[in-house]
Amino acid sequence: MIKNGKVVDLAYSLKSSKGEVLDQSSKEDPFTYLHGAQQIVPGLETALAGLNIGDKKQVTVTAAEGYGEVNSDLKLTVQRAQFPPNAQIEEGMQFETQTPDGQGIVFTIEKVEGDKVSIDGNHPLAGQNLHFDVEVLNIRDATQDELDHGHAHGPDGHH
Ligand code: ZN
């Protein structure tokens, strides 16, 4: 049964409210995570607790329990001159920067207009309800290494 300290293999598909497939994993190439380690969005982790091998479940996760609501403070317009002189600046490109307290934030370049660059530091799936279709393929005890690291390791050992 899925609970904290178990490593779980999942086949899943993730769809938007419009029905478009955003992400998926198959039985042949499952997604593996350590339950209770915040490796997956909180709403999905809660919904998977208690399931057994072979169980299938449809889970709708609200934005708040998924990648969070859209934070308008993270939508900014900056001057092109604030980027390094040789930086490539194109719509859709992403770059990582750090907040004053050292937290990494990935920004996506939304729009480039002359000297003005609109950037967005929200997760691409922020503000969206997420529709998961999951099947539990395997459950095992985490190794001590995995518990220490806070994530699952692959069949070949570390990472
Ligand atoms: Zn590790």
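Calculation notes
Residues numbered from 1 in each chain as written. Predicted model: local features only at pLDDT ≥ 70, side-chain atom pairs only at ≥ 80, totals over all residues. Heavy atoms only, no water. Salt bridge = Lys/Arg side-chain N within 4 Å of Asp/Glu carboxyl O. Helix = DSSP H or I, 4+ residues; strand = E, 2+ residues; numbered from the N terminus. Buried < 20%, exposed > 50% of the residue type's maximum accessible area, 1.4 Å probe, protein only. Contact = heavy atoms within 4.5 Å. Phe/Tyr/Trp six-rings, centres within 6.5 Å; stacked < 30°, edge-to-face > 60°. Domains from an automatic or database assignment. Core = buried A, V, L, I, M, F, W, Y, C linked by side-chain atoms within 4.5 Å. Polar contact = N/O pair within 3.5 Å; in protein donor to acceptor, adjacent residues only side chain to side chain. Pairing = 2+ DSSP bridges.

**Q** It is not clear to me how the pattern of salt bridges should be interpreted in this structure. Could you clarify?
**A** Opposite charge on two side chains makes pairing possible when the charged atoms of those side chains draw close. According to the stated counting rule, one finds 4 salt bridges in the structure shown. Asp 141 is paired through a salt bridge with Lys 6; the nearest N and O atoms lie 2.6 Å apart. Residue Asp 141 is located in strand E9 (residues 130-141), and its partner Lys 6 is located in strand E1 (residues 6-15); the two are separated by 135 residues in the primary sequence. Take Lys 6: its relative accessible area is 16%, and that puts it in the buried class.

**Q** Would you take a moment to explain the environment of Ala 63 for this structure?
**A** Among the structural elements, Ala 63 can be located in the loop between strand E4 (56-61) and strand E5 (75-79). On the basis of relative accessible area, Ala 63 is assigned to the buried category, the value being 4%. Separated by 15 residues in the primary sequence, Ala 63 and Val 78 place their C-alpha atoms 27 Å from one another. Leaving out residues up to four positions away in the same chain, Ala 63 has contacts with Gly 68, Glu 69, Gly 127, Gln 128 and Asn 129.

**Q** Help me out: how do you make sense of the packing of aromatic side chains in this one?
**A** The way to describe two aromatic rings as a pair is by their centre distance and the angle between their planes. What the rule picks out here adds up to 5 aromatic pairs. Through a chain of ring-to-ring contacts, the aromatic side chains of Tyr 12, Phe 31, Tyr 33 and Phe 132 assemble into a single cluster.

**Q** In this structure, what is going on with the environment of Phe 83? I would like to understand it.
**A** In this fold, Phe 83 is placed in the loop between E5 and strand E6 (94-98). Each C-alpha atom of the pair Phe 83 and Asn 52 lies 50 Å from the other, and the pair is 31 residues apart in sequence. Excluding residues within four positions of it along the chain, Phe 83 makes contact with Val 78, Ile 89, Phe 95, Val 117 and Ile 119.

**Q** Help me understand the domain arrangement of the protein chain, please; the structure alone is not making it clear to me.
**A** In many reports, interface size means the accessible area that the parts give up when they come together. As assigned here, the protein chain comprises domain 1 (6-67 + 125-149) and domain 2 (72-120). Inter-centroid distance (C-alpha atoms) of domain 1 to domain 2 is 30 Å.

**Q** In this structure, what is going on with the nonpolar core? I would like to understand it.
**A** One broad rule of soluble globular proteins: the nonpolar side chains tend to lie buried together. Counting residues in hydrophobic clusters, the biggest one holds 20 residues, and the most contacted among them are Ile 2, Tyr 33, Leu 44, Leu 48, Val 61, Phe 132 and Val 136. Breaking this core down by element, the ones donating at least two residues are E1, helix H1 (42-48), E4 and E9. Aside from chain neighbours lying at most four places away, what touches Tyr 33 is Ile 2, Lys 6, Val 7, Val 8, Leu 10, Gln 39, Ile 40, Glu 45, Leu 48 and Ala 152. Among the nonpolar cores identified, the runner-up in size contains 8 residues, and Val 78, Phe 83, Ile 109 and Val 117 belong to it.

**Q** Sorry if this is basic, but what is going on with unusual backbone geometry here?
**A** Keep in mind that most residues, glycine aside, have a negative phi and that most peptide bonds are trans. Unlike most non-glycine residues, Gln 38 shows phi in positive territory, near 55°. With respect to the element layout, Gln 38 can be found in the loop between strand E3 (31-34) and H1. For Gln 38, a relative accessible area of 67% translates into the label exposed.

**Q** Can you help me understand the side chain of Asn 122 in this one?
**A** You can see Asn 122 is positioned in the loop between strand E8 (116-120) and E9. A polar contact is formed between the side chain of Asn 122 and the backbone nitrogen of Asn 71, at a distance of 2.8 Å. Only 2.8 Å separates the side chain of Asn 122 from the side chain of Asp 120, close enough to count as a polar contact. Ignoring anything within four residues of it in the chain, the contact list for Asn 122 reads Glu 69, Val 70, Asn 71, Leu 74 and Lys 75.

**Q** Sorry, what's going on with the pairing of strand E2 (residues 21-25) here?
**A** Regular strands have side chains that alternate between both faces of the sheet. Sheet topology places E1 next to E2; 4 bridges connect them, and they run antiparallel. Of the residues in E2, the one forming a bridge with Lys 15 is Val 21. Counted between consecutive antiparallel strands, the loop separating E1 from E2 contains 5 residues, among which Gly 19 sits at a positive phi close to 90°.

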